[in-house]
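Survey of secondary and tertiary structure
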Amino acid sequence: MISENLKSLLLEIPENVTLIAVTKTHPVETILEVYKYGIRNFGESRVQELISKQPLLPPDIRWNMIGHLQKNKVKYIAPFIHLIHSIDSESLLEVVQKEAVKNNRIISVLLQVYIAKEEEKFGFSPEEVYQFFKNYRHKKYNHINFKGLMGMATYTEDVNIIKSEFNLISDLFQNIKTDFSNSCPDFKELSIGMSSDYKYAIEYGSTMVRIGSLIFGERYSTK
Ligand SMILES: *Cc1c(COP(=O)(O)O)cnc(C)c1O
């Protein structure tokens, strides 16, 4: 079942787009099933769950933190995290910088941009993100590699809303990439698209899709 889902999904994802298999709520046995098919990028949205699974799974897995990250929990993932998608404040960046120094690592991050018309979503406004790079504030964080942007569209049936939100973050991404390529050479990733909207995300230049339920089936808990 999972292998069938995965196979048909992989046919829909272009080669230059990375699949992040979102494994929240799923046990290590299930994760290993997908690992066997060659998937190496996995995403979790809660630190507690991530650090309980990580030691039980192969060390070549690239773990992606995709959910809201509390500052007091950065220390638990700093030693091994591959990419943090969900940087939603400068104060969080400061903590990530500190923990990266402690671990003698460069930690890769995406800045989460608020594009949805929903109340609950975290992130910077598009204008804040542009100003962040324009004012060279990223230069302050010498143990952080700024790799791109992440966003979540409104959860809606209305395709026009989804497309306009992806269009907004895609334009912002291109502008930052073009305008600040000298000071930010690795800014190349646009993490947009989940099970319900990844096809539109790919149309708008997604380089990373974060997909859970299309691979593993519906989750029983909501987070
Ligand atoms: C759960 C989650 C996903 C995956 O959601 P699905 O609809 O199951 O594909 C993607 N991104 C984030 C931030 C998530 O929390």
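Residues numbered from 1 in each chain as written. Predicted model: local features only at pLDDT ≥ 70, side-chain atom pairs only at ≥ 80, totals over all residues. Heavy atoms only, no water.

Scanning the protein for helices and strands turns up nine helices and eight strands. Seen along its three principal axes, the alpha-carbon backbone of the protein occupies a region of about 50 × 45 × 30 Å. Within the protein, the fraction of its 223 residues that count as buried is 50%. The contacts in the protein between residues at least 6 apart in sequence include a share of 59% that link residues at least 24 apart. Looking at the protein as shown, the accessible area adds up to about 11,200 Å², and 49% of this sits on carbon and sulfur atoms. Each charge sign in the protein was given a centre, from 27 positive and 27 negative side chains, and these centres are 6 Å apart. (Helix = DSSP H or I, 4+ residues; strand = E, 2+ residues; numbered from the N terminus. Buried < 20%, exposed > 50% of the residue type's maximum accessible area, 1.4 Å probe, protein only. Contact = heavy atoms within 4.5 Å. Areas by Shrake-Rupley, 256 points an atom, 1.4 Å probe, with all protein chains shown as cover. Lys, Arg positive; Asp, Glu negative; His and termini not counted. Charge placed at Lys NZ, Arg CZ, Asp CG, Glu CD.)

Here we come to the layout of surface pockets. Of the voids in this model, the second largest pocket is the one considered here, and its volume is about 190 Å³. Around the second largest pocket, the lining residues are Leu10, Ile13, Pro14, Glu15, Val17, Thr18, Leu19, Gly38, Ile39, Arg40, Asn41 and Arg62. Of the residues assigned to the lining of the second largest pocket, the class counts are six nonpolar, three polar and three charged. (1 Å grid on protein atoms, 1.4 Å probe; cavity = no way out; pocket = protein on both sides within 12 Å on 5 of 7 lines; lining within 4 Å. Points joined across faces, edges and corners; volume = space filled by probe spheres on them. Nonpolar A, V, L, I, M, F, W, Y, C, P; charged D, E, K, R; others polar.)

The local shell around the ligand consists of Val22, Lys24, Ile66, Met152, Met194, Ser195, Arg210, Ile211, Gly212, Ser213 and Arg219. A distance of 2.7 Å separates an oxygen atom of the ligand from a polar side-chain atom of lysine 24. Separating an oxygen atom of the ligand from a side-chain N or O atom of serine 195 is a distance of 2.5 Å. Here the shell around the ligand is composed, by residue class, of five nonpolar, three polar and three charged. (Near = heavy atom within 4 Å. Polar contact = N/O pair within 3.5 Å; in protein donor to acceptor, adjacent residues only side chain to side chain.)

In the structure shown here, the tally under the stated rule is 10 aromatic pairs. Aromatic rings pair up to connect Tyr130, Phe132, Phe133, Tyr141, Phe146, Phe173, Phe180 and Phe187 into one cluster. Here the basic side chain of arginine 40 rests over the ring of tyrosine 35, its NZ or CZ set 3.5 Å away from the ring centre. (Phe/Tyr/Trp six-rings, centres within 6.5 Å; stacked < 30°, edge-to-face > 60°. Lys NZ or Arg CZ within 6 Å of the ring centre and 35° of its normal.)

In this section: the pattern of salt bridges. Evaluation of the coordinates by the stated rule reveals nine salt bridges. Here glutamate 94 and lysine 140 are joined by a salt bridge, their closest N and O atoms 3.3 Å apart. Of the two residues, glutamate 94 sits in helix H5 (residues 90–102) while lysine 140 sits in the loop between helix H6 (126–134) and strand S6 (144–151), which places them 46 residues apart along the sequence. Residue class for glutamate 94 comes out partly exposed when judged on its relative accessible area of 41%. As a salt-bridge pair, lysine 117 and glutamate 165 come within 3.4 Å of each other at their nearest N and O atoms. Residue lysine 117 is located in the loop between strand S5 (107–113) and H6, and its partner glutamate 165 is located in helix H7 (residues 159–179); the two are separated by 48 residues in the primary sequence. Classification of lysine 117 by relative accessible area gives exposed; the value is 63%. Owing to a relative accessible area of 1%, glutamate 165 belongs among the buried residues under this scheme. Several salt bridges converge on common partners, so that one network encompasses Glu44, Glu49 and Lys53. (Salt bridge = Lys/Arg side-chain N within 4 Å of Asp/Glu carboxyl O.)

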